[in-house]
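Commentary on secondary and tertiary structure
Residue strings, one per chain:
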Amino acid sequence: MLELNHIGKYYNAGTVNEMCLFDDFSLTIQDGEFVSVVGSNGSGKTSMLNIICGSIPLDAGSIKIGGKDITRMPEYQRQRRIGRVYQNPAMGTCPSMTILENMALADNKGKPFNLLPGTNRQRIDFYREQLHFLGLGLEDKLEVKVGVLSGGQRQAMALLMSTMTPIEFLILDEHTAALDPKTADIIMELTDKVVREKHLTTIMVTHNLRFAVEYGNRLLMMHQGNAIIDKCGAEKAEIKIESILDKFNEISIECGN
Amino acid sequence: MTIVLGVLEEGLIYAIMALGVYITYKILDFPDLSVDGTFPMGAAVTAMLILKGVDPVVTLVLAFLGGAAAGCVTGFIHVKMKVRDLLSGIIVMTALYSINLRIAGKSNVPIFSKETIFENEWLTNHVPEALDPYVVTIILLIIVVICKILLDLYMQTRSGYLLRAVGDNDTLVTSLAKDKGMVKIIGLAIANGFAALAGCVYCQQKGFFEISMGTGTMVIGLANVIIGTKLLKKFGAVKATTAVIVGSIVYKACVSLAIALGMGASDLKLITSVLFLGILVFSNMQDGRGKTHA
């Protein structure tokens, strides 16, 4: 279970440009939930992910995972239980290292990075199998540098790498936004497959309303640092794109757009 | 022949240091100026240890460790105190000038007539006289090859993977639940260890420590790395470490050529910087785009 309690986050505090992003924002995500988060730019979606991962500090409130307070835990330590895929496909892989080396890196997450061989030869078949699961033919290109792969291929690898070791949470930060519609569909299906197979608690920020409606079992719409829609279970299943779009228009008019 | 051997000798010594610069510049993308201080530091430590009668081979290890410690300081200043990379190096380099004087006691320490890795009883007894002119080159070659192999092996370990990853994409290192700052510190430690080791070998070969011997080390190291990697780019199979060693020898040959063509020894630094500039401009033209920093 992930709990955000009374989160406060202000930018440029104490200046005329002070901007309040979150003021007393609370959210609880149960184990096994797949939460889709939508909302306009600047509504606090990505900031929420950054706060959960520890990429940006908090001004008020606390974060708990499984009842344990992680508010002060540095980002890299939190990542042991979190897998994250970024919008930019380049963020999840090492371009100058080969596919095999990237897989080995991801496989060693949580283990000590000592002077043992970086690639465990006995794991190669396992890596092949995992890559085969992507269906992109990467399993035959183990010695190819990741830098020459396409964005979609790299994002698929990033997804695979971030979920290879046992993690509790999967954080998807607009991970299909930089891909063409066809590739985005493929990556989204893969995501769903991975999440189901590994029973991951998932938070997915997306601008793609169709993905938000079709996938996951809970839907949040963020607006000015608050969740103005929060539906789960059967209620979520009934939501139509049109109703979200209407809500979107409504808040846009409020903001004068 | 003497000129060729001279080029090889100096080229190989600087190749050790260039392996370190390769780590910071090419892998970590960190312009590390502290090598200007760790190179003479290695020499100062070596001169003192040899005068105290320490085995010359042992000084190689101790000099490396000394340099590594200084590299950790640079890394600590950059990572934990959040000082810019270039400034961290300058701070450590400046401090090391005084520290090196403290270590050596004075600005010039000769160690002629002492046993070194190049001149000792074992060598006199075991090496035939005909080989005498080549002994230094052969020993240097052995040291450089050992350094290269160790570095190549390290790069294939888990820790080495992480080092390569941090220069490539440090977000991924965080995603792997590792502190990217620590990885950078390790990289800087290894790099400065190599610089100090080069200083140690230089001191033993020339027979003295001199406080200003480190000036321009980084520029030479960068030139070696860039020449090597550009020159051997076409041969994809050549390892970067090999390229760096070849680059060091080629660079030294260019400098010797300039001197042979009538430039004086006092023009050395001028030759160094003009040559370096030439390499940068040339490699920018090859890339078809300018790099925003060097």
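Above this text sits the structure in question.
In this report, the structure presented in the accompanying data block is examined.

Basis of the calculations
Throughout this description, residue numbers start from 1 for each chain and increase along the sequence as written. Think of it this way: whatever chain is written first is A, whatever ligand is written first is 1, and the rest follow in order. Only residues with pLDDT of at least 70 are given local features in this predicted model, and only at 80 or more are side-chain atom pairs given and counted; all residues enter the totals for whole chains, interfaces and linings. Based on all heavy atoms of the structure, the side-chain values leave hydrogens and waters out of the count. For this analysis, residues touch if any pair of their heavy atoms sits within 4.5 Å. Two parts lose some accessible area (1.4 Å probe) when they are put together, and adding that loss for both gives the buried area. Salt bridge, as used here: a side-chain nitrogen of Lys or Arg that lies within 4 Å of a carboxyl oxygen of Asp or Glu. Distance and chemistry together define a polar contact, namely a pair of N or O atoms within 3.5 Å, with one atom able to donate a hydrogen and the other to accept it when in protein, and with adjacent residues in sequence counting only for side-chain atoms on both sides. We count a stretch as a helix when DSSP gives it H or I for four or more residues in a row; a strand needs E for two or more, and each element gets its number in order from the N terminus. By this rule the span expected of a helix is its residue count minus one, scaled by 1.5 Å. Any two strands with at least two DSSP-identified bridges between them are counted as paired. What counts as an axis is a line fitted to C-alpha atoms, over the stretch in contact for a helix, and the angles between N-to-C directions run from 0 to 180 degrees. The cut-offs work like this: below 35 degrees is roughly parallel, past 145 is roughly antiparallel, 65 to 115 is roughly perpendicular, and the gaps in between are oblique. Charged means Asp, Glu, Lys or Arg here, nonpolar means Ala, Val, Leu, Ile, Met, Phe, Trp, Tyr, Cys or Pro, and polar covers whatever is left, Gly included.

Facing 31 residues of chain A, the contacting portion of chain B comprises 19 residues. Regarding the contact of chain A and chain B, the summed buried area is about 2,300 Å², with carbon and sulfur atoms giving 60% of it. Connecting chain A to chain B are one salt bridge. At the boundary of chain A with chain B, the tally comes to twelve residue pairs in polar contact (both at pLDDT 80 or more). When residues of the side of chain A that touches chain B are traced back to their parent elements, those giving at least two are helix 2 (75-78) and helix 3 (99-107) of chain A.

Below, the discussion takes up helix 6 (residues 181-198) of chain A. All names here are of chain A. With 18 residues, helix 6 extends 26 Å between its outermost C-alpha atoms, agreeing within 8% with the 26 Å of an ideal straight helix rising 1.5 Å per residue. Check the buried side of helix 6 and you find it contacts strand 3 (34-39), helix 4 (124-134), helix 5 (151-162), strand 7 (169-173), strand 8 (201-205) and helix 7 (209-214). With a side-chain oxygen lying 3.0 Å from the backbone nitrogen of Lys182, the N-terminal cap of helix 6 falls on Asp180. Positive backbone phi, approximately 50 degrees, marks His199, located one or two places after helix 6.

Relative to the elements of secondary structure, Thr157(B) occurs in the loop between helix 6 (135-155) and helix 7 (158-168). A distance of 3.0 Å separates a polar side-chain atom of Thr157(B) from the backbone nitrogen of Gly160(B). Apart from the residues lying within four places of it in its own chain, the contact partners of Thr157(B) are Asn114(A), Leu115(A), Leu116(A), Pro117(A) and Gly118(A).

Before going further, it helps to examine the sheet that holds strand 10 (residues 226-232) of chain A. Within a sheet, adjacent strands bond to each other through the backbone by hydrogen bonds, running parallel or antiparallel. Residue and element names in this part refer to chain A. In spatial order, the strands read 6-7-8-3-9-10; together these six strands make up an open sheet with mixed pairing. One side of each edge strand has no neighbouring strand; the edge strands of this open sheet are strand 6 (82-85) and strand 10. Taking the axes of each pair of neighbouring strands and ignoring which way they run, one obtains an average angle of 15 degrees across the sheet. Pairing between strand 3 and strand 8: four bridges, direction parallel. Across the sheet, the residue bridging to Phe34 is Thr202, located in strand 8. Set on the sheet, helix 1 (residues 45-53) makes contact with strand 3, strand 6, strand 7, strand 8 and strand 9 (218-223); between it and strand 7 the angle comes to about 145 degrees. Those strands touched by helix 5 are strand 6 and strand 7, and its axis lies near 175 degrees from that of strand 6.

Looking now at the packing of helix 2 (residues 35-51) of chain B against helix 4 (residues 85-104) of chain B. All names here are of chain B. Two elements in contact, helix 2 and helix 4, have axes whose closest approach is 9 Å; the angle formed by their N-to-C orientations is 10 degrees. It follows that helix 2 is roughly parallel to helix 4 by the angle criterion. Contacts between helix 2 and helix 4 involve Asp36, Gly37, Thr38, Pro40, Met41, Ala44, Val45 and Met48 on the former and, on the latter, Met93, Leu96, Asn100, Ile103 and Ala104. A breakdown of the residues in the contact of helix 2 with helix 4 according to their chemical character gives nine nonpolar, three polar and one charged.

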